[in-house]
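Residues per chain, in single letters:
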Protein chains: 2
Amino acid sequence: MNGKNNPEWHRNFRQRGMRITEPRKAILEVLNNTTEHLSAEEIYMSVHRTYPNVGLTTVYRNLELLEEMGIIAKFHFGDGRSRYELIHSPQKPGHHHHLICTGCKQIIDYDDFVEEEIELLTKVEQALSAAHNFQITGHTIQFYGICHACRGNL
Amino acid sequence: MNGKNNPEWHRNFRQRGMRITEPRKAILEVLNNTTEHLSAEEIYMSVHRTYPNVGLTTVYRNLELLEEMGIIAKFHFGDGRSRYELIHSPQKPGHHHHLICTGCKQIIDYDDFVEEEIELLTKVEQALSAAHNFQITGHTIQFYGICHACRGNL
DNA sequence: TCCTTAATGAAAATGATTTTCATTAACAAT
DNA sequence: ATTGTTAATGAAAATCATTTTCATTAAGGA
Ligand SMILES: [Mn+2]
Ligand SMILES: [Mn+2]
Ligand SMILES: [Zn+2]
Ligand SMILES: [Zn+2]
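Keep in mind that this is a model prediction, so the values were computed, not measured.

1. Comments concerning the protein's contact with DNA strand C
Among the 22 residues in the neighbourhood of DNA strand C, the closest are listed as Tyr60 of chain A together with Thr21, Asn53, Thr58 and Arg61 of chain B. Those atoms of DNA strand C that come within 4 Å of the protein belong to sugar or phosphate at a rate of 65%. Between DNA strand C and Arg19 of chain A, the relevant distance is 3.2 Å, taken from a base nitrogen to a side-chain nitrogen or oxygen of the residue. With respect to DNA strand C, the backbone of Ser82 of chain A contributes an N or O atom lying 2.9 Å from a phosphate oxygen. Of all the secondary-structure elements, those providing two or more residues to the surface near DNA strand C are helix H4 (56-68) of chain A together with helix H2 (22-32) and helix H4 (56-68) of chain B. Tallying contributions element by element places H4 of chain B first for the surface near DNA strand C, with four residues. Here the surface near DNA strand C is composed, by residue class, of five nonpolar, 10 polar and seven charged.

Right, dumping it as C-alpha cells:
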C-alpha cells in the first residue's frame, strides 16, 4: 500500500508537468492493490469508496494518461470493456500473459514458459522488423478456452 | 469470387437449419474478396453497394453467427471497433498473426516464423492445460509498433 | 403453391467512452 | 503563507459501436 507514494511515479508525473492529485493517487492505489484486471468503472467504484467525489470521467482520463506513460497496460479481453493492469505491481508475476475463460470471463495471469515465449518473440520481432521495416514496441499473447468449472457446466 | 457459392458453407448452413440468404451470401462475398480486416460498418457499406436494402443490423447478426460457426474470426486491434476476417480465404496467407501500426492503424498479416510460433504455442497450451486445468481453444498473437511511414512523420 | 418460422430492416435502446464547459485546486513564484 | 496561472476536475451532454425490439418478409420443406 505504498503504491501511491512511489517516488518513481512522482518523478514521472512532474517531468511531464503533470500534477499529483488525489484522484491520481487513488487510482494508482487501487491498481497497486489488486490482482485483477479491472475495468474503468470497477476502478471508479473502488476509488469512489474512499473519494466519493471523484468522477468516472476523471478515471477514464487518467487511465489514458497512465497508459501513455507506460505505467499501466490496457487490454481487450472480448467482454466489451477495456481492462487495466499496473505494469509493475507487487500483486503480479513479472512479465506474463493471459488465459481467458470464454465461459465465465475470468482472466488468469500465467508465466509458465514465458522465458521461452519471450525468446521466440524476440527472434520474431527482429525478423519482422527487418522484413516489414517495422519498429515493434509491444506484443499481446492471449489464450482463450474453457476453465475447469465452466467445463463442468456444459 | 466463387466465395459466395462455396458448397462447404452451404452445407454448414443447412446443417444448422439456417437459410441461405442474399445478405449472407453478400457478406461472405465481401470477406472473400478482401485482404483487409474490415469492420462491421465497412462490410455493411461494401454490401450496400450491391444490395442497398441490406441493413447494418443484419450484418452484425450474421457476423456473430459466422464467428460462432468458425467461418470468420473477430479481432480487437484497439481502434474501438471489431474487425473480421475469413479464416480460409484465397486472399490471405494460411494461419497468420498480426502486426499493428499504432500510428496509422494499418494491420499487416505475417506468417514468418508462424510454424515455430505454433510449435511453441502448442507446447505452452499443453502445459497450461495441465497446470491450470484449462481447455484451450484458441489464441491471439499481435505485435504493436510503428511502421516505416509513420516513423518518418515523428 | 402453401405454410411454417428463420431472417430481415427500421427504429429505439443500451452501454462504454469522449467531449464540453464552468469550477477547482496544484504548485511555482512571490 | 498568499497569490496567480493553468492543469485537472466533475457533471452533464454527446458520441459511437453494438444490441434489442417488433412488425414484416421470404427460404425452403411439404
Ligand atoms: Mn495480467
Ligand atoms: Mn489477418
Ligand atoms: Zn470459466
Ligand atoms: Zn503506420
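Right, picking up where we left off after that structure.
2. Here's the deal with unusual backbone geometry
With a phi close to 70°, Lys105 of chain B is a non-glycine residue in the positive phi region. For Lys105 of chain B, the position within the fold is in the loop between strand E4 (97-101) and strand E5 (107-110).

3. A look at H2 of chain B
Think of an α-helix as 3.6 residues a turn; residues three or four steps apart then line up on the same face. By the criterion of burial, H2 of chain B is predominantly enclosed, with nine of the 11 residues buried. For H2 of chain B, the set of buried residues is Pro23, Arg24, Ala26, Ile27, Leu28, Glu29, Val30, Leu31 and Asn32 of chain B.

4. Concerning the pattern of salt bridges
Applying the stated criterion across every chain, the model contains 15 salt bridges over all chains. For Glu116 of chain B, the salt bridge identified is with Lys123 of chain A, shortest N-O distance 2.3 Å. Taken together, the residues span two chains, with Glu116 of chain B in helix H5 (residues 114-132) and Lys123 of chain A in helix H5 (residues 114-132). Classification of Lys123 of chain A by relative accessible area gives partly exposed; the value is 37%. Lys92 of chain B serves as the salt-bridge partner of Asp109 of chain B, at 3.1 Å between the closest nitrogen and oxygen. You can see Asp109 of chain B sitting in strand E5 and its partner Lys92 of chain B sitting in the loop between strand E3 (82-86) and E4, a full 17 residues away along the chain. Of the two residues, Asp109 of chain B and Lys92 of chain B, neither departs from the other in class, the shared state being buried. In this structure, a network of salt bridges that share partners links the residues Glu42, Asp79, Arg81 and Arg83 of chain A.

How each quantity is defined
- Residues numbered from 1 in each chain as written.
- Chains lettered and ligands numbered in written order.
- Predicted model: local features only at pLDDT ≥ 70, side-chain atom pairs only at ≥ 80, totals over all residues.
- Heavy atoms only, no water.
- Near = heavy atom within 4 Å.
- Polar contact = N/O pair within 3.5 Å; in protein donor to acceptor, adjacent residues only side chain to side chain.
- Helix = DSSP H or I, 4+ residues; strand = E, 2+ residues; numbered from the N terminus.
- Nonpolar A, V, L, I, M, F, W, Y, C, P; charged D, E, K, R; others polar.
- Buried < 20%, exposed > 50% of the residue type's maximum accessible area, 1.4 Å probe, protein only.
- Salt bridge = Lys/Arg side-chain N within 4 Å of Asp/Glu carboxyl O.

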